[in-house]
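Listed below are the residues making up each chain.
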Number of protein chains: 2
Amino acid sequence: MMDERWNEKIPNWTAKRAFLTPDRTAVIFHDEKITFRQLFQEAKKTAEKLFRLGCGSGKKAAVLLKNRPESLYLLAALQLCGTVTVFLNHRLTPGELLFQLKDSGADLLVADETFREKCEAIRTELSALNIVYLRELDGLEGKPDPLKEEFALDDVCSVMYTSGTTGFPKGVLQTYGNHWWSAVGSVINLGLDPEDAWALAVPLFHISGFSIFIRSLIYGIPVVLYEKFEPERINRDLREGKISIISLVPQMLSALIEGLGDGTYHERLRCVLLGGGPAPVRLLQICKEKGIPVYQTYGLTETCSQIVTLAPEDSLEKIGSAGKPLFPNQLRIVSPDDPETDLASKQIGEIAVKGPVVMKGYYRREESNAKSFLPGGWFLTGDLGYVDEEGFLYVVDRRADLIISGGENIYPAEIENVLLSHPSVQEACVVGVDDEKWGQVPFAFYVRKKGCEVGREELEQYCRKHLASYKVPKGWEEVDRLPRNAANKLMRRELKKLAKELR
Amino acid sequence: MMDERWNEKIPNWTAKRAFLTPDRTAVIFHDEKITFRQLFQEAKKTAEKLFRLGCGSGKKAAVLLKNRPESLYLLAALQLCGTVTVFLNHRLTPGELLFQLKDSGADLLVADETFREKCEAIRTELSALNIVYLRELDGLEGKPDPLKEEFALDDVCSVMYTSGTTGFPKGVLQTYGNHWWSAVGSVINLGLDPEDAWALAVPLFHISGFSIFIRSLIYGIPVVLYEKFEPERINRDLREGKISIISLVPQMLSALIEGLGDGTYHERLRCVLLGGGPAPVRLLQICKEKGIPVYQTYGLTETCSQIVTLAPEDSLEKIGSAGKPLFPNQLRIVSPDDPETDLASKQIGEIAVKGPVVMKGYYRREESNAKSFLPGGWFLTGDLGYVDEEGFLYVVDRRADLIISGGENIYPAEIENVLLSHPSVQEACVVGVDDEKWGQVPFAFYVRKKGCEVGREELEQYCRKHLASYKVPKGWEEVDRLPRNAANKLMRRELKKLAKELR
């Protein structure tokens, strides 16, 4: 019999893909085309430099990267070293980054030169951390340690931080197996044409971006890489037929459609994968009228991207639905009061998911893990939704308090924590309000401490120092006290209504 | 953290597919179209009748089936019951079937009425076995036990028998995970179009046939089912564009090409997956000239179908090669004398494979398992081959003595055992000789016992009684003694040469 679990190991996917189809295009960046052979060679070269810096199995490297080919080489290189990648959002402040660097126990930080200022601020605070700029790697002499030729499916590949109700970000442990099954679940739903090309215009440090790179390696199709969201360039490429699949959030799709005017896209575009929060029905209608194949999807950092996605035959008929759970995955709607109880169709409850894409857990968060997982491997997402009679999921609301702004998740508790740390603030509550450009933006209510003076300008500046700018409230209201119910529970929905009126 | 291994379970694929895409076509049989909803409903009905017969988890049911829709319902039903399927080759004699029924410990035999004679012969010998004909199921009242909603990847799904050098068939334990990864490895190589349709004209009891049904469930595409190999009907369907992928063995492809004459196939045909032994280069050349996309593949019952297959871009350029190991799998060429030693490219050695498609092991064959598996999960196939500088596999010879006749594997030892059981035979050796129609056929050399008289007619009749007809030697030669080397080892290659001359 087999002496190990049959399913324990698969080949390193960068090496395997370069072996299988070396001459296919792996990355298209502006007018540059990089083959899988080149990608592997560059990744190998980079891996040898990382070995020199002490990378290897059991190590963790944090990365602060732009959407550039060099970043992809680095990500593949870390896997070739057997080193875990800790993804950092480059929009965060040095203080926010510091928390994640300490929490993850990263051994190294590899950063794009663009972020030198933030990195040097981090260096001051965390002198023990080895910080290396991508460009500095060029000068290093490689150390040809043996490359990681196989991935154990249960090993952690990457860590991405997500906040929660406590406001303290938690590291999501994503295994090689999670990423693998995510790619496989997607291909069974969307199909695969060897001529496919998947546009990556979302941030690489989010699961939506990183998962496109992994699919490219597993499927053997190119990533069409964009340094940032450039609607004109992307619209041109979509019109010229350079892209067959593109991952977008509603605000991006909206901007593209606006830029498109009366035009249409090339028939090669076969899927607009739309995630990152609820999409306006009007936008979906326009796309339907224009024949743009939009597939809504529901995914989380904790599920390594898509877990529920519309199928081809339903993409135009089931507008507003995120679809059905992808082949390897399962879905239940449970009572928020008693997660062991399933709700009937059309009843709104908490979305619980199960499957091989569900993360291993939050890193060193025993309490959160205990709360998030039900027996049998079910993960409680905290999001609200219902299924119709046919089993299509409709996401009603992300976790009660979550604000999704231009595809970024904002957890009110994180902003509230910062406000409460200000010496003049007694109480604070942050809610999301609708915004034409960003979908939602945060709006802050605060109560001054007795005898203290503080204005919104000062609080805004204070936030800007401690929070990534997209998290800084775009609206402010001082109140005498926050509305609470009899059980002294904060009535966020009341404040949401109020914020809407004030906006 | 997750309380179970993340990758332990996936949804029952018949139920899941019916849930995801109920209205897609699952089976096309003659002019009948069966949707996934219907397939699931029929399978569920059948499962409830099987429960009545005592099926359930931990049970094993042997099946003797024709390529018909009812057979597919039964196979899906057994999975819904959590019952292991033991596939029987209906070309075997009652004696051969009896061995497999006893060896597997089957609790039940479900058979097509067509095989009543064989089944009644079995009933006489094995009265304890419950034998049910498919048609009898109709009259049974169902028992609505809970259906198996999830498959544990490590659980055994099916058992298929394969002989070996000892001549005694061994049961290959194929897990749900093996089948799953096989379908996934194939889709990453061949791609997937929701409009695909895969023709099943090979026997359902072979892994080549059963794996098409499983892919249909996982991919959500129809099986175009043929009761038997009907070249005219298949050629018509290929010309009319009813088929996009077809699995064939060389003799079938040859017959189709002959029937095609000067015609061509519909452009919808995008892949002829050619397995089951070496293909004549001439045949591959003709296909290339005709623009027929032939993908050679190398697979075994022990690897749940394909493990090495040509990629789209190489199918026309690498004629004669079986390709590279599919994404999740790995390949080595090792020294037949010392399997721990890898050979350089272009050197012929034993083919060793690894990956999640490799069987769990042979059922109750400790010795064979110990011999077949190397540390690290490598499986020794017993076949000979080499890889070129780019890593393409060329299969030189199946296990030294294996005869492949019309896609069926024939193990000489099995025929030799039968011959040696004849009272007048002293020694016997069976080799394969080339045959225009079947690829190869068995040829027997025998030595009479002193003082005994026996002719080839009598031996042929004797074989026909104990062996499936395709195993009965098509050529005979009485010799005074068998050629042996100094170590007394039988020199099979000498006899192969001799048989070729005699033929």
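Remember, it's a predicted structure, so these values are computed and weren't measured experimentally. (Residues numbered from 1 in each chain as written. Chains lettered and ligands numbered in written order. Predicted model: local features only at pLDDT ≥ 70, side-chain atom pairs only at ≥ 80, totals over all residues. Heavy atoms only, no water.)

Undergrad: Mind showing me how you'd approach the sheet that holds strand β26 (residues 425-435) of chain A here?
TA: Sheets are built from strands that pair by backbone hydrogen bonding, the pairs being arranged parallel or antiparallel. Residue and element names in this part refer to chain A. One open sheet holds the three strands; their spatial order is β26-β27-β28, and the pairing between them is mixed. The outermost strands of the open sheet, each flanked by one partner alone, are β26 and β28 (475-478). Direction aside, the axes of adjacent strands within the sheet are offset by 20 degrees on average. Relative to β26, helix α13 (residues 412-420) is tilted by about 145 degrees, and along the sheet it contacts β26, β27 (439-448) and β28. (Pairing = 2+ DSSP bridges. Helix = DSSP H or I, 4+ residues; strand = E, 2+ residues; numbered from the N terminus. Axes fitted to C-alpha atoms, helices over the stretch in contact; angles between N-to-C directions. Contact = heavy atoms within 4.5 Å.)

Undergrad: For this particular structure, what's the right way to read the environment of Phe213(A)?
TA: All names here are of chain A. Within the secondary structure layout, Phe213 lies in helix α8 (residues 207-219). It is 17 Å that separates the C-alpha atoms of Phe213 and Phe229, two residues lying 16 residues apart in sequence. Setting aside its immediate chain neighbours within four residues, Phe213 contacts Leu39, Leu72, Leu75, Ala76, Leu200 and Val223.

Undergrad: Even after reading the chapter, I still don't get the interface of chain A and chain B, so can you show me in this structure?
TA: It is common to report an interface's size as the accessible area lost on association of the parts. Taken residue by residue, the interface counts 59 residues in chain A and 59 residues in chain B. When the two sides are added together, the surface that chain A and chain B hide from each other amounts to roughly 5,100 Å², 61% of it contributed by carbon and sulfur. For the pair chain A and chain B, the number of links is four salt bridges. Looking at the side of chain A that touches chain B, the elements that each hand over two or more residues are β1 (9-11), α1 (13-20), α7 (176-190), α8, β17 (324-325), β20 (361-362) and β21 (373-374) of chain A. Ranked by residues supplied to the side of chain A that touches chain B, first place goes to α7(A) with six residues. In terms of residue class, the side of chain A that touches chain B is made up of 33 nonpolar, twelve polar and 14 charged. (Buried area = accessible area lost by both parts, 1.4 Å probe. Salt bridge = Lys/Arg side-chain N within 4 Å of Asp/Glu carboxyl O. Nonpolar A, V, L, I, M, F, W, Y, C, P; charged D, E, K, R; others polar.)

Undergrad: Which parts of the structure should I look at to understand a negative patch on the surface?
TA: A cluster of acidic side chains, namely Asp193(A), Glu195(A), Asp193(B) and Glu195(B), defines a negative patch on the protein surface. In this fold, Glu195(B) is placed in the loop between α7 (176-190) and β11 (198-200). Judged by relative accessible area, Glu195(B) falls into the exposed class, the value being 57%. (Patch = residues over 30% accessible without salt bridge, like charges linked within 9 Å, V, L, I, M, F, W, Y side chains within 5 Å. Areas by Shrake-Rupley, 256 points an atom, 1.4 Å probe, with all protein chains shown as cover. Lys, Arg positive; Asp, Glu negative; His and termini not counted. Charge placed at Lys NZ, Arg CZ, Asp CG, Glu CD. Buried < 20%, exposed > 50% of the residue type's maximum accessible area, 1.4 Å probe, protein only.)

Undergrad: How should I be thinking about the state of the cysteines in this particular structure?
TA: As used here, a disulfide is simply a covalent bond connecting the sulfur atoms of two cysteines. All names here are of chain B. Considering all chains together, one arrives at zero disulfides over all chains under this definition. In this structure Cys55 is not part of a disulfide, and its nearest cysteine sulfur, from Cys81, lies 5.3 Å away. By relative accessible area, which is 9% here, Cys55 ends up buried. (Disulfide = S-S within 2.5 Å.)

Undergrad: What is the right way to look at the relation of the copies chain A and chain B in this model?
TA: Here two copies of a chain appear, and what relates them is a rotation about an axis with a shift along it. Rotating chain A by 180 degrees and moving it 0.0 Å along the rotation axis overlays it on chain B with an RMSD of 0.1 Å. As the rotation angle and translation indicate, the two copies are arranged about a two-fold axis. The rotation axis passes nearest to the C-alpha of Leu192(A) in chain A, at a distance of 2.4 Å. Looking at chain A, 100% of its interface residues are interface residues in chain B too, so the copies touch through the same face. (Least-squares fit on C-alpha atoms with pLDDT ≥ 70 in both.)

Undergrad: Hey, could you run me through the pattern of salt bridges in this one?
TA: Here the idea is simple: oppositely charged side chains can pair when their charged atoms come close. With the rule as written, the count across this model stands at 56 salt bridges over all chains. In this structure, Glu313(A) and Arg24(B) form a salt bridge, with 2.6 Å as the shortest nitrogen-oxygen distance. With Glu313(A) in the loop between β16 (305-309) and β17 and Arg24(B) in the loop between α1 (13-20) and β2 (25-29), this residue pair bridges two chains. With relative accessibility at 14%, the residue Arg24(B) sits in the buried group. Taken together, the shared-partner salt bridges in this structure form one network comprising Lys66(A), Arg68(A), Glu70(A) and Glu227(A).

Undergrad: What am I meant to see in the nonpolar core here?
TA: The tendency in soluble globular proteins is for nonpolar side chains to be buried as a group. Of all hydrophobic cores here, the largest spans 226 residues; its most connected members are Trp13(A), Trp180(A), Trp13(B) and Trp180(B). Dropping the residues within four chain positions of it, Trp180(B) is found in contact with Trp181(A), Val184(A), Ile188(A), Phe327(A), Pro328(A), Ile10(B), Trp13(B) and Ile218(B). (Core = buried A, V, L, I, M, F, W, Y, C linked by side-chain atoms within 4.5 Å.)

Undergrad: Even after reading the chapter, I still don't get the pairing of strand β15 (residues 294-300) of chain B, so can you show me in this structure?
TA: For a regular strand, side-chain orientation follows a simple rule: the groups alternate between the two sheet faces. Residue and element names in this part refer to chain B. In terms of burial, β15 is a largely internal element, six of the seven residues being buried. The pairing of strand β14 (residues 271-274) with β15 spans three bridges and is parallel. Bridge assignment links Leu273 to a residue of β15, and that residue is Tyr295. Once you follow β14 into helix α11 (residues 281-290) and on to β15, the crossover reads as right-handed. Both β15 and strand β16 (residues 305-309) contribute to a ladder of four bridges, which runs antiparallel. Counterpart to Tyr298 in the pairing with β16 is Val308. (Right-handed = clockwise from strand over helix to strand, strands pointing away.)

Undergrad: Before we go on, may I ask you to explain the packing of aromatic side chains in this structure?
TA: Each aromatic ring pair is characterised by the separation of its centres together with the angle its planes make. Scanning the entire structure with this criterion turns up 25 aromatic pairs over all chains. Pairing Trp13(A) with Tyr176(A) gives two aromatic rings, centres 5.6 Å apart and planes at 55 degrees, and the pair type is tilted. With Trp13(A) in helix α1 and Tyr176(A) in helix α7, the pair connects residues that are 163 residues apart, well separated along the chain. Just as Trp13(A) is buried, Tyr176(A) falls in that class too. Aromatic pair Phe373(B) and Phe379(B): ring centres 5.4 Å apart, planes at 50 degrees, arrangement tilted. Each of the two residues, Phe373(B) as well as Phe379(B), counts as buried. Ring pairing ties together the aromatic residues Trp13(A), Phe151(A), Tyr176(A), Trp180(A), Trp181(A), Phe327(A), Trp13(B), Phe151(B), Tyr176(B), Trp180(B), Trp181(B) and Phe327(B), which thus form one cluster. In this structure, Arg116(A) packs its charged tip against the face of Tyr133(A), placed 4.2 Å from the ring centre. Across from the ring centre of Trp378(A), 4.9 Å away, lies the NZ or CZ of Arg332(A), which sits over that ring. (Phe/Tyr/Trp six-rings, centres within 6.5 Å; stacked < 30°, edge-to-face > 60°. Lys NZ or Arg CZ within 6 Å of the ring centre and 35° of its normal.)

Undergrad: For this particular structure, what's the right way to read the sheet that holds strand β4 (residues 60-64) of chain A?
TA: Residue and element names in this part refer to chain A. Across the sheet, which stays open at both edges, the seven strands sit in the order β7-β6-β4-β5-β9-β10-β20 with mixed pairing between neighbours. Both outer strands of the open sheet, β7 (130-133) and β20, are each paired with one neighbouring strand and no more. Note that strand β10 (residues 170-175) and β20 share two bridges and pair antiparallel. Each residue of the ladder has a partner; that of Val172, found in β20, is Tyr362. Helix α3 (residues 69-81) rests against β4, β5 (84-87), β6 (108-111) and β9 (156-162) of the sheet, and its axis sits at about 175 degrees to β4.

Undergrad: Sorry if this is basic, but what is going on with the domain arrangement of chain A here?
TA: Residue and element names in this part refer to chain A. Taken as a whole, chain A is organised into domain 1 (11-396) and domain 2 (403-502). A C-alpha centroid distance of 29 Å is found between domain 1 and domain 2. Facing the 19 residues of domain 1 at the interface are 19 residues of domain 2. Summing both partners gives a buried area of about 1,400 Å² for domain 1 against domain 2, and 49% of it is carried by carbon and sulfur. When the buried area of domain 1 at its contact with domain 2 is split by residue, Arg91, Glu96 and Gln251 rank highest and sum to 36% of it. Summed over the shared surface of domain 1 and domain 2, the result is two salt bridges. Among the ionic pairs, Glu96 bridges to Lys471, the shortest N-O distance being 2.6 Å. Within the side of domain 1 that touches domain 2, the residues separate by chemical class into five nonpolar, twelve polar and two charged. (Domains from an automatic or database assignment.)

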